[in-house]
Every structure is written in structure tokens, then in C-alpha cells.
Amino acid sequence: MHDRPYHPIDCDIYDRLVELILRRRSCEVVYRNEAGESLVIQTKLVDIYSQNKVEFLRLDSGRVIRLDDLITVDRVVIHGCEL
């Protein structure tokens, strides 16, 4: 799944993720793993960064998730940008 094209998330959602990082509080994250399965975790968001034109979210556990693998964060549905 790492070789698939990256689909940027909506800028408003990106800003919401930054806000959650700054608040440093635990929130629910639902995302797709590399096998395509939906997983739900309770975690704190630590950082957002880009690498090779792909954006990632780092969690307090050290886990890293591609932003386009996010389904919901803090009950906010993540939508991809229309390209």
C-alpha cells in the first residue's frame, strides 16, 4: 500500500489536526491499516510531517499513519481533496 498514489486531505481537516496536536488531548482515531482493515484507537496526536510528497500523522505511541488512510479523527470525517 505504500506505493499507491497519495491523495491530500482537505485543508480544513488538516487545520483541525494541527489544532488537536496543539491541545494535546486524547481523541479517537479511525484509520485503515496496510491490509485495508479499519482500526479504532484512542490516542494523542503528536506531529504532522511530509516525506516524499506524502503527509503523515505521528501518534504518541510512535505509530505513523498516512493522512489519506484516516477515516475519522475526533469524530470528524476525513474527506480527500478533489483533484
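Residues numbered from 1 in each chain as written. Predicted model: local features only at pLDDT ≥ 70, side-chain atom pairs only at ≥ 80, totals over all residues. Heavy atoms only, no water.

> Help me understand the pairing of strand β1 (residues 27-32), please; the structure alone is not making it clear to me.
On any regular strand, side chains alternate: one points to one face of the sheet, the next to the other face. Where β1 lies against strand β2 (residues 38-43), six bridges are found, and the strand directions are antiparallel. Note on β2: the bridge partner recorded for Val29 is Ile41. Hairpin connection between β1 and β2: a loop of five residues separates the two successive antiparallel strands, and Gly36 in this loop has a positive phi of roughly 85 degrees. Relative to strand β6 (residues 70-73), β1 runs antiparallel, the two being bridged by three bridges. Within β6, the residue paired with Val30 across the bridge is Thr72. (Pairing = 2+ DSSP bridges. Helix = DSSP H or I, 4+ residues; strand = E, 2+ residues; numbered from the N terminus.)

> It is not clear to me how the environment of Thr43 should be interpreted in this structure. Could you clarify?
On the secondary structure map, Thr43 appears in strand β2. Residue Thr43 is classed as buried on the basis of its relative accessible area, which comes to 6%. For the pair Thr43 and Ile21, spaced 22 residues apart in the sequence, the C-alpha separation amounts to 11 Å. Discounting residues that sit within four places of it in the chain, Thr43 has contacts with Arg25, Ser26, Cys27, Val29, Leu59 and Asp60. Reaching out from Thr43, the side chain makes a polar contact with the side chain of Asp60 at a distance of 2.7 Å. (Buried < 20%, exposed > 50% of the residue type's maximum accessible area, 1.4 Å probe, protein only. Contact = heavy atoms within 4.5 Å. Polar contact = N/O pair within 3.5 Å; in protein donor to acceptor, adjacent residues only side chain to side chain.)

Note that all results are geometric; they support no functional claim without further evidence.
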